[in-house]
Every structure is written in C-alpha cells, then in structure tokens.
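Here's the letter readout for the chains.
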Amino acid sequence: MSINPIQFQRGLSLPDFLSQYGTEAQCESALEKVRWRDGFRCPQCGHDHCTVFRRGQQPLYQCSACHHQTSLQVGTLFQASKLPLTPWFLAIYLITQAKNGVSALELMRSLGISWRAAWRLKHKILRAMLEQEADRVLRGRVEVDDAYLGGTRSGKRGRGAAGKRPFVIAVETRPDPEGGLPHPVYVRFDPLPDFCQTTLARWAEQALDVDTLMVSDGLVGFLAAGAQVTHHQRVVVHPRKSSELDCFHWINTLLGNLKNSIRGTCHGFKVRKYAARYLAEAQYRFNRRFDLPSLVPRLLFACVHTPPCTEKQLKAAELWT
C-alpha cells in the first residue's frame, strides 16, 4: 500500500495553538503585528505615534498628532464583533486544520456561542477565503470538468437538474519525474450560472493563463473556453466513464473528495445561495495544504485585509460575475 506523505505531515497541534493564541493578550498582539507590521500608522493622517488605552475590554489607539482613535478590529473582518478575539482565533484554527472543515453547528459547540453567532463567524471567515482565492490563475497542464453541487432531488437528473448549483472544477498538474501520473498543484472550484459557451469562455479568460494546455471532455461549452488558451486537448468520454481515463484522474479524485467533505460536514445549507463560499473554503485549504502550521497566520492576514461586512451582506447570495 502506497502512503501519501502529505497526509502525514505535521500540522499545528491544539497545544501548540493554545501556547501561541490561548489568551486574549496573545491574540491582540498577533493581530497588531499583522495589521501594523512596521508599527502603528494612523489611518487618518499616517502618523506613527499613538497612546494606547482601554475602553472596556478593547484596546484603543489614539494618534498623537490628530487624536483620531481606532482599534485593532476597525476596518477588518472583525469589526463590530461582540466576541473576544480568542473564539475568532480558535475558529480560524478549527476551520484551517480540519481536512473536511467544520460546520457552524460544530463551531457553536466548540466555542460555546450561539448558533447565529457561529454562523456569522464562519461565513465571515469563508468570505475572507473567497476573496483570497478569487484572483488565482492556473497554468501549465490543467484538467477541467463541469459538475454540480447539491443534494438529491426528485425529477430531472444531470444537466439542468433543479436545486443544484453548476460549477467548474479545474486542476493544475505537474509532470511526475518518474513518469507516473501528474501531481496536482492548485485547484479552482468556480460556481457558474450555466455551462454555455459565453460563460465558459469568460471563465477561462479569468481563471486560466493564456499559455495553458486545457484538458476537457466533449462538452460543447469547453470549445469556447479552449479558444482562450494556447492548447486544448478535447477527450470525448462517451461511452466510457471519465474515471476510467488517466487524463481525468485528479479531476475525479478531487471532485469525489470535495462532495464527500461537504456532504459529511455541512447539512442543509442553501447550495445555490452560498456555494461560492463553501467551494472557496475547500479551494483555500487544498491550495495551502503543504504548510498546515502557516494556515492560521495566513488566514488571520486575510481576515485583517478583508473589508467589514454586515449580517445582511453575509446573507446575500455570492454571484459569479
């Protein structure tokens, strides 16, 4: 039996996490270093000196020049949150270190907060992941396929089925130096309104580098996508199954892992409304899987540089444009 060394790589253990971020003071210090790497800068005038004092439990920074007051959370994803930083950091840890992610219900139990607070917290973090992955461009050899996300529904099956969200999965691969199957490097999961030629052409223009070998099945829409890149290898699958073809090995593997992960972790979420965030969560973790201990500070950086959003904004559907 072959063993994948990536599966046995060392992550960030819970004791190690708590030793670094176990107290509110440690979380404040980590957040300050991420927000002001070169020291405090007033967001109003740019001055680099301030007075620090506390109002309740929150530290406030008052600029020595213009006397503007700010906090660590203002202007970040943490803005207006009533939760301390410790549950935020623990949520970031749980979401990044769990291979299949965690549901809002699991966060509620693990953090000791209400389900509504856990849902808001999770979706804000997913939004940060989505923004970080939005500009990723795949290049080299890229396997692509169309797929659907959503539970079983009665009625029509396959393309056009009701209650499901269409999306494109694309996997960038690199050759195996020993001549075996290519190795997956990066992935994209992009929800789309449909698989028509115009939509897929626009998707390829955004997601793929021009100098790309795109490997797809015989879906007509992929002809337009293939026209956006230098090389397009079109493999007509029927009457075979794509799982029988080595050229689609990683597409089928990652698609199966994705659906099993979402099906096993999240129950009853609104697929057509929030698919973009859940797909971005899986994409973010996979594309950073080689260095698990760094995921907490990296996602913290993403949260600091993601604009604040209200609950109303969180409940709005993420639309692909």
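Higher on the page you've got the structure.
Below you will find a few notes about this structure.

1. A word on helix α6 (residues 197-207)
Within α6, burial applies to Thr-199, Leu-200, Ala-201, Trp-203, Ala-204 and Ala-207. In this structure, the buried residues of α6 make contact with β4 (138-149), β5 (165-174), β6 (183-191), β7 (208-216) and α7 (221-226).

2. A word on the pairing of β4
Among the twelve residues of β4, nine are classified as buried, and the element is accordingly described as predominantly covered. Note that β4 and β7 share five bridges and pair parallel. Among the inter-strand pairings, Arg-141 is bridged to a residue of β7, identified as Leu-213. Alignment of β4 against β5, held across nine bridges, turns out to be antiparallel. From the neighbouring strand, Asp-146 faces β5, where its bridge partner is Val-168.

3. Things to note about the pattern of salt bridges
Here the structure, examined in full by the defined rule, presents eleven salt bridges. Across the pair Arg-116 and Glu-311 runs a salt bridge, and its minimum N-O distance is 3.1 Å. A residue pair is termed long-range when its members are at least 10 positions apart, and Arg-116 in helix α5 (residues 115-133) and Glu-311 in helix α11 (residues 311-314) qualify at 195 residues. Where Glu-133 meets Arg-288, a salt bridge forms, and the shortest distance between an N and an O atom there is 2.5 Å. On the criterion of sequence distance, the pair formed by Glu-133 in helix α5 and Arg-288 in the loop between α9 (271-286) and α10 (295-304) is long-range, its members being 155 residues apart. Neither residue differs from the other here; Glu-133 and Arg-288 are each classed as buried. Residues joined by salt bridges that share partners form a network here, namely Arg-116, Arg-120, Glu-311 and Lys-315.

4. Quick word on the environment of Ala-65
Within the secondary structure layout, Ala-65 lies in the loop between β2 (58-63) and β3 (69-71). Of the residues examined, Ala-65 reaches a relative accessible area of 44% and is grouped as partly exposed. Ala-65 sits 224 residues away from Arg-289 along the chain, and the two C-alpha atoms are 44 Å apart. Ignoring any residue separated from it by four or fewer positions in sequence, one finds Ala-65 in contact with Cys-45 and His-47.

5. A closer look at the sheet that holds β2
The three strands are arranged β1-β2-β3 in an open sheet whose pairing can be described as antiparallel. Of all the strands in the sheet, the pair left with one neighbour each is β1 (50-55) and β3. For this sheet, the mean angle separating the axes of adjacent strands, direction not counted, is 35 degrees. Inspection of the sheet shows β2 paired to β3 by three bridges, in the antiparallel sense. Residue pairing in the sheet places Leu-60 in a bridge with Ser-71 of β3.

About the criteria used
- Residues numbered from 1 in each chain as written.
- Predicted model: local features only at pLDDT ≥ 70, side-chain atom pairs only at ≥ 80, totals over all residues.
- Heavy atoms only, no water.
- Buried < 20%, exposed > 50% of the residue type's maximum accessible area, 1.4 Å probe, protein only.
- Helix = DSSP H or I, 4+ residues; strand = E, 2+ residues; numbered from the N terminus.
- Contact = heavy atoms within 4.5 Å.
- Pairing = 2+ DSSP bridges.
- Salt bridge = Lys/Arg side-chain N within 4 Å of Asp/Glu carboxyl O.
- Axes fitted to C-alpha atoms, helices over the stretch in contact; angles between N-to-C directions.

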